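If you want the building blocks of each chain, they are given just below.
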Amino acid sequence: MFSLTVRSNFMIAHSLPRPAFGPAQGMHGATFVTEVTFRRRNLNQDAIVLDIGEAGEVLGAVLAGLNYKNLDEHPDFAGKLSTTEALAQYIADAVAAQIREGDDGRALAGIDVTLRETPDAWASYSLEFDAD
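Note that the coordinates shown come from a computational prediction; the quantities given were computed from them, not determined experimentally.

Student: Just checking my understanding: could you explain the overall build of the protein chain for this structure?
Tutor: Helix and strand counts for the protein chain come out as three helices and five strands. When its helices and strands are written in sequence order, the protein chain yields β-β-α-β-α-α-β-β. If you line up the protein chain on its principal axes, its C-alpha atoms span 50 × 30 × 25 Å. A separation of at least 24 residues holds for 68% of the contacts in the protein chain among residues at least 6 apart in sequence. Here the protein chain has roughly 7,300 Å² of accessible surface; of this, 50% comes from carbon and sulfur atoms. Here the protein chain contributes 10 positive and 19 negative side-chain charges, whose respective centroids are spaced 3 Å apart.

In structure tokens, the structure reads:
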């Protein structure tokens with residue numbers, strides 16, 4: 001299995017209004033380092049997983065919709081908790097929706113998204129694709 005990873009960051013504000021989240025129940029900010037890994041069983045005709053520039057542009061476009069936003073007011077999170085895990089899934093789904101439209105994207109085996117909130121804590125989500 002081959003992989004290509006691109007990385008960027010974004011900042012949000014949100015609250016997690018449930019007792020399980022302790023002090024994070026109130027409004028607070030978070031900065032996430034976002035890593036998206038594209039996996040592919042075989043390299044394409046150019047001997048790559050995916051064009052690095054394209055991968056970075058897609059990630060940048062997805063994160064632009066989240067960066068500096070209050071997720072408590074974001075329509076995609078209405079009635080949902082915006083936990084780190086939920087954000088990882090949201091980003092994976094959004095990246096997949098854009099990248100899978102091209103020939104190289106249809107050949108991908110999956111996408112892994114890791115959100116690092118601190119150097120000591122992170123969450124990941126893996127999205128597996130069916131073979132076409």
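Student: Teacher, can you tell me more about the nonpolar core here?
Tutor: Counting 31 residues, the largest nonpolar core has Val36, Phe38, Ile91 and Ile111 as its most contacted members. With seven residues, the top contributor of residues to this core is helix α2 (residues 84-99). Sequence-distant contacts of Ile91, defined by excluding residues within four places in its chain, comprise Phe10, Thr34, Val36, Leu59, Val62, Leu63, Leu66, Val113 and Leu115.

Student: Sorry, what's going on with helix α1 (residues 52-64) here?
Tutor: Helical geometry note: an α-helix holds 3.6 residues per turn, so side chains three or four residues apart project in the same direction. A rise of 1.5 Å per residue sets the reference length of α1, with its 13 residues, at 18 Å; its end C-alpha atoms lie 18 Å apart and thus fit the reference within 8%. Buried within α1 we find Ala55, Val58, Leu59, Val62 and Leu63. Angularly, the buried residues of α1 cover 130 degrees about the axis, an arc narrow enough to put them on a single face. Check the buried side of α1 and you find it contacts β1 (2-14), β2 (28-40) and α2. Between a side-chain oxygen at the N-terminus of α1 and the backbone nitrogen of Gly53 the separation is 3.0 Å; the capping residue is Asp51.

Reading guide: rules and limits
Residues numbered from 1 in each chain as written. Predicted model: local features only at pLDDT ≥ 70, side-chain atom pairs only at ≥ 80, totals over all residues. Heavy atoms only, no water. Helix = DSSP H or I, 4+ residues; strand = E, 2+ residues; numbered from the N terminus. Contact = heavy atoms within 4.5 Å. Areas by Shrake-Rupley, 256 points an atom, 1.4 Å probe, with all protein chains shown as cover. Lys, Arg positive; Asp, Glu negative; His and termini not counted. Charge placed at Lys NZ, Arg CZ, Asp CG, Glu CD. Core = buried A, V, L, I, M, F, W, Y, C linked by side-chain atoms within 4.5 Å. Buried < 20%, exposed > 50% of the residue type's maximum accessible area, 1.4 Å probe, protein only. Expected span 1.5 Å × (residues − 1). Arc of directions from axis to C-beta. Polar contact = N/O pair within 3.5 Å; in protein donor to acceptor, adjacent residues only side chain to side chain.

Just distances and angles here, no functional claims.
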